[in-house]
Amino acid sequence: MIRKILIANRGEIALRIVRACRELGIRTLAVYSEADEQSLHVQLADEAICIGPAPSSESYLRADRILSAAELADVDAIHPGYGFLSENAEFAEQCESCDITFIGPKSETIRQMGHKARARETVSKAGVPIIPGSDGPVDDEKIAVKTAQKIGFPVIIKAVSGGGGRGMRIAHNAATFAKEFQSARLEAEKAFGDGSLYIEKYLEDPRHIEFQILADQHGNTIHLGERDCSVQRRHQKVIEESPSPFLDKSLRNRMGKAAIKAALAADYVNAGTIEFLVDAKGNFYFIEMNTRIQVEHGVTEEATGIDLIKEQIQIASGNRLSFSQKDISLTKHAIECRICAENPAKGFIPSPGTIDLYYAPGGHGVRVDSHVYGGYTVSPHYDSMICKLITYGRTRKIALDRMYRALSEYLIRGIDTNVEFVKAVILDPAFRQGEATTSYVEEFLARAPKELFEKKPKE
Ligand code: ADP
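Cut-offs used in this document
Residues numbered from 1 in each chain as written. Predicted model: local features only at pLDDT ≥ 70, side-chain atom pairs only at ≥ 80, totals over all residues. Heavy atoms only, no water. Pairing = 2+ DSSP bridges. Helix = DSSP H or I, 4+ residues; strand = E, 2+ residues; numbered from the N terminus. Near = heavy atom within 4 Å. Polar contact = N/O pair within 3.5 Å; in protein donor to acceptor, adjacent residues only side chain to side chain. Areas by Shrake-Rupley, 256 points an atom, 1.4 Å probe, with all protein chains shown as cover. Nonpolar A, V, L, I, M, F, W, Y, C, P; charged D, E, K, R; others polar. Domains from an automatic or database assignment. Contact = heavy atoms within 4.5 Å. Buried area = accessible area lost by both parts, 1.4 Å probe. Salt bridge = Lys/Arg side-chain N within 4 Å of Asp/Glu carboxyl O. Axes fitted to C-alpha atoms, helices over the stretch in contact; angles between N-to-C directions. Parallel < 35°, antiparallel > 145°, perpendicular 65-115°, else oblique.

K.L.:
I tried to follow the sheet that holds strand S1 (residues 4-7) on my own but got confused; where do I start?
P.N.:
Hydrogen bonds between backbone atoms are what pair the strands of a sheet, whose relative direction is either parallel or antiparallel. With respect to topology, five strands assemble into an open sheet ordered S3-S2-S1-S4-S5, the strand pairing being parallel. Each edge of the sheet is formed by a strand with only one pairing partner; in this case those strands are strand S3 (47-52) and strand S5 (101-102). The pairing of S1 with strand S2 (residues 27-33) spans four bridges and is classified as parallel. Along S2, the bridge assignment pairs Ile-5 with Thr-28.

K.L.:
Whenever I open this one, the site of the ligand confuses me. Can you help?
P.N.:
For the ligand, the set of nearby residues contains 21 residues, the closest of which are Lys-158, Gly-165, His-208, Gln-232 and Glu-288. For the ligand, a nitrogen atom lies 2.9 Å from a polar atom in the backbone of Lys-201. Between the ligand and His-235 there is a distance of 3.3 Å, counted from an oxygen atom to a side-chain nitrogen or oxygen. Taking 550 Å² as the accessible area of the ligand by itself, protein coverage stands at 96%. Among the elements of the structure, strand S6 (155-159), strand S8 (197-201), strand S12 (270-278) and strand S13 (284-290) are those that each provide at least two residues to the shell around the ligand. Among the residues forming the shell around the ligand, the class breakdown is seven nonpolar, eight polar and six charged. The residue makeup of the shell around the ligand includes at least three contributed by each of domain 2 (132-201) and domain 3 (207-453).

K.L.:
Explanation requested: the domain arrangement of the protein chain in the structure shown.
P.N.:
Interface size is commonly expressed as the accessible area that is lost once the parts come together. Each assigned domain of the protein chain is listed with its residue range as follows: domain 1 (4-95), domain 2 (132-201) and domain 3 (207-453). Counting from both sides, the interface comprises 33 residues of domain 1 and, opposite them, 28 residues of domain 3. Looking only at domain 1, the three residues that lose the most surface to domain 3 are Glu-12, Arg-16 and Tyr-82, adding up to 27% of its buried area. Viewed at the interface, domain 3 and domain 1 are joined by five salt bridges. Where Arg-16 meets Glu-301, a salt bridge forms, and the shortest distance between an N and an O atom there is 2.7 Å. Joining domain 1 to domain 3, the criterion identifies 13 residue pairs in polar contact (both at pLDDT 80 or more). At the level of secondary structure, the elements contributing two or more residues to the side of domain 1 that touches domain 3 comprise helix H1 (11-24) and helix H2 (40-44). Considering every element that reaches the side of domain 1 that touches domain 3, the biggest residue donor is H1, with eleven residues.

K.L.:
I'm lost on the packing of helix H13 (residues 419-427) against helix H15 (residues 440-447) in this one. Help?
P.N.:
Think of two packed helices as two axes; the pair is described by the angle between the axes and how far apart they sit. Relative orientation of the contacting elements H13 and H15 amounts to 100°, with a least axis distance of 12 Å. Considering the angle they form, H13 stands roughly perpendicular to H15. Contacts between H13 and H15 involve Phe-421, Ala-424 and Val-425 from the first element and Tyr-440, Val-441, Phe-444 and Leu-445 from the second. Grouping the amino acids of the contact of H13 with H15 by side-chain chemistry returns seven nonpolar, no polar and no charged.

Here it is in structure tokens:
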């Protein structure tokens, strides 16, 4: 039985986990860096232990310090959230050997699917379509260029240990390939400590559509429908919604079945996500599996009515799923905007600092997952996301109109944010008609007047 959980994370996801635990009657231990002492998750958890200075390498990435805190506070389980150590197979293994339940899949699964070239091979063997590409990693530049020529340009060079849109470069021809290959390798080495690369055909204007998986320890594996995450900047998601405006029932069924096949091939347990790219004709291809809770899990929760964090804890406790595939439907339309401390007019550069004045939207069909408040200082040490604003309703139109209304109420002073930018996207006819592909933000920025997404002058 799980009585106490250590939350190995910060920000909104740490708070989200505290909330789920409280509803389940489970005690929580927050761990935090010196920069996060005033954070809401620290204040709301039952107990809190400081694990080091602000840089993540000195705190949230220190498995040794987190495990010491776990021993000290005598917890039964660790929830890793997303980012930080959530997809670190060694950390999951260390938890296993300390007899602490890691709330996620087995360490071998994380290792298998975290290597993106190996993950392609695993799901492809199970009959899930993958994008034409290299067989495994290609580390020799000369072999790599030959492989790219065989696949046909344009190609995308990707880090096998990649994530967060980093370590990825597009090469349009053999002449530019070497330069892109070298810069992908350097970025991958710096970001992941692993410069190993693989190559895929670069699809023009695909949609990014992913499926939420839940699998218990008793062999029950189901999907909770899809999320459309095509609105991205620098390969990072900005707006996500469920259901996707692009899928019909038949494609949803086929993709859902393929997602389950991929999860079964990975011997998957707990919550996970199978990501696909989908072309204009509805051909879909696996790109990767994320072996953790996703940032955008909230849209699936609002569309299906299922609390994914609670399900993760129930699964880790050894309980069976209390529903089956036929019980799942996307009864509502839910949409999420990632609100970030950044300046869209200046290439989305981060804008850390103190929030002087803060008023979050509310009302019917609005969910605000955020750890910030008036007087809160956004640290330059961490990700710039300060809120996940989710709206939902019976139809896509209701959810979109509600999102526009909620964004119009949002008051954040003292730092720059992307509120006006996402507001302009929500109003944009192409987006409203469900036409957004992964090239959408670039196209939109090229035609949108700059004033549209700059901060309005104070009234
Ligand atoms: P990460 O793990 O860094 O998020 P992904 O493999 O999930 O990387 O890809 C992130 C995004 O990059 C995708 O949503 C898509 O926009 C783009 N992308 C990745 N692979 C391809 C491809 N083969 N063709 C076109 N776009 C791609």
